[in-house]
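# Geometric and topological summary
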Amino acid sequence: LCMRTIAIENLKGGVGKTVTTISLARILAEDYQQRVLVVDCDGQCNLTRFYLKAVPDFLTLADVLEGTHEPYWRDNVVDVRPRLSLLPASPELYRLDLAAIRYGVSGIDALQGFVEAVAEDGEVDVVLFDCPPGFTAASTAALMAAREIIVPVLMDGFSIEGMADMLEQVESMRQVNPMLRVSGILINQWHRSPAVEQGEALLRSMPLPVFKQTIRRTDKVPESTFRKEAVLDYSITSAASRDYKLLAQELFGEVPGGE
């Protein structure tokens, strides 16, 4: 089977990209017994701090983009759970953004080469890129390396506008990465209200790939981030935990063994 590479991205912040990355990684590693590599592409380092409790002083994504990483890809990642590894972020990613703006210096091809080396070794089944809001050097590199995109959105006007801008940028990226496609738009923090239901109806009426599964709003999600636990570990029976399991089935098929 080919290694799947999935970027989780939206130009707007606060739509649940990092929680979606953590949840899918947990389900894939534990329920599906897949070997997963998560890549933190955000200078805020939320994903890195979730797994490591602090920003590391060793190799990070910035080193990969600058070409100063170790030759063997495995030496650049940290094993954080069984079958789950992390390529950490650091605030150095912000410096790379400034370098790209000021001097045109950008290592956006470097992550693609790194991921190709991962695929050649056959030790990873799925790579998940947790992308920051906006098009940074790191998120652009992720779109160069990925073949699929998940776009989490909230049901408000700003999110839908941001999603539209995002899809335009994806079309532009397809000129340099023709394999890139949107797997689906993920409606996050769904709850029963006229505005949310009208927004969902509008979104589903558009000629866009929208996941059948939505992720319901629950206080268990923010509570789990304080505990530094995946919501599926913090509250396996919560609405969001059940929804992420169904989303994984939509993306990856039934759990092996028929769970």
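That block above? That's the structure.
These remarks concern the structure in this document. (Residues numbered from 1 in each chain as written. Predicted model: local features only at pLDDT ≥ 70, side-chain atom pairs only at ≥ 80, totals over all residues. Heavy atoms only, no water.)

## Overview of the pairing of strand 4 (residues 84–87)
Selection rule: Note on exposure labels: buried denotes an accessible area under 20% of the residue type's maximum, exposed denotes more than 50%, and partly exposed covers the range between, all computed with a 1.4 Å probe on protein chains only. Each helix is a run of H or I in the DSSP string that is no shorter than four residues. Each strand is a run of E no shorter than two, and both are numbered from the N terminus. When DSSP finds two or more bridges between a pair of strands, those strands are recorded as paired.
Of the two faces of strand 4, the one holding Leu84 and Leu86 and the one holding Ser85 and Leu87 are both buried throughout. With 4 bridges connecting them, strand 2 (residues 36–40) and strand 4 associate as parallel partners. Bridge assignment links Val39 to a residue of strand 4, and that residue is Leu87. In the sheet, strand 3 (residues 78–81) pairs with strand 4 via 3 bridges, with the strands oriented antiparallel. Of the residues in strand 4, the one forming a bridge with Arg81 is Leu84.

## Remarks on the packing of helix 5 (residues 108–121) against helix 6 (residues 137–145)
This is how the line gets drawn: All axes are obtained by fitting lines to C-alpha atoms, using only the stretch in contact for helices, and the reported angles, taken between N-to-C directions, cover 0 to 180 degrees. For classification, angles of less than 35 degrees are called roughly parallel, those exceeding 145 degrees roughly antiparallel, those between 65 and 115 degrees roughly perpendicular, and all remaining angles oblique. The sense of a crossing depends on the near helix, which, turned anticlockwise from the far helix by less than a right angle, makes the crossing left-handed and, turned clockwise, makes it right-handed. In this analysis, two residues are considered to be in contact whenever any of their non-hydrogen atoms come within 4.5 Å of each other. When residues are sorted by character, Ala, Val, Leu, Ile, Met, Phe, Trp, Tyr, Cys and Pro go into the nonpolar class, Asp, Glu, Lys and Arg into the charged class, and all the rest, Gly among them, into the polar class.
Following both chains from N to C, one finds helix 5 and helix 6 inclined at 45°, their axes separated by 7 Å at the closest point. With respect to helix 6, the axis of helix 5 lies oblique. Crossing angle aside, the handedness with which helix 5 passes helix 6 is right-handed. Contacts between helix 5 and helix 6 pair Ile108, Asp109, Leu111, Gln112 and Val115 from the former with Ala137, Thr140, Ala141, Ala142, Met144 and Ala145 from the latter. Of the residues belonging to the contact of helix 5 with helix 6, the class tally is 8 nonpolar, 2 polar and 1 charged.

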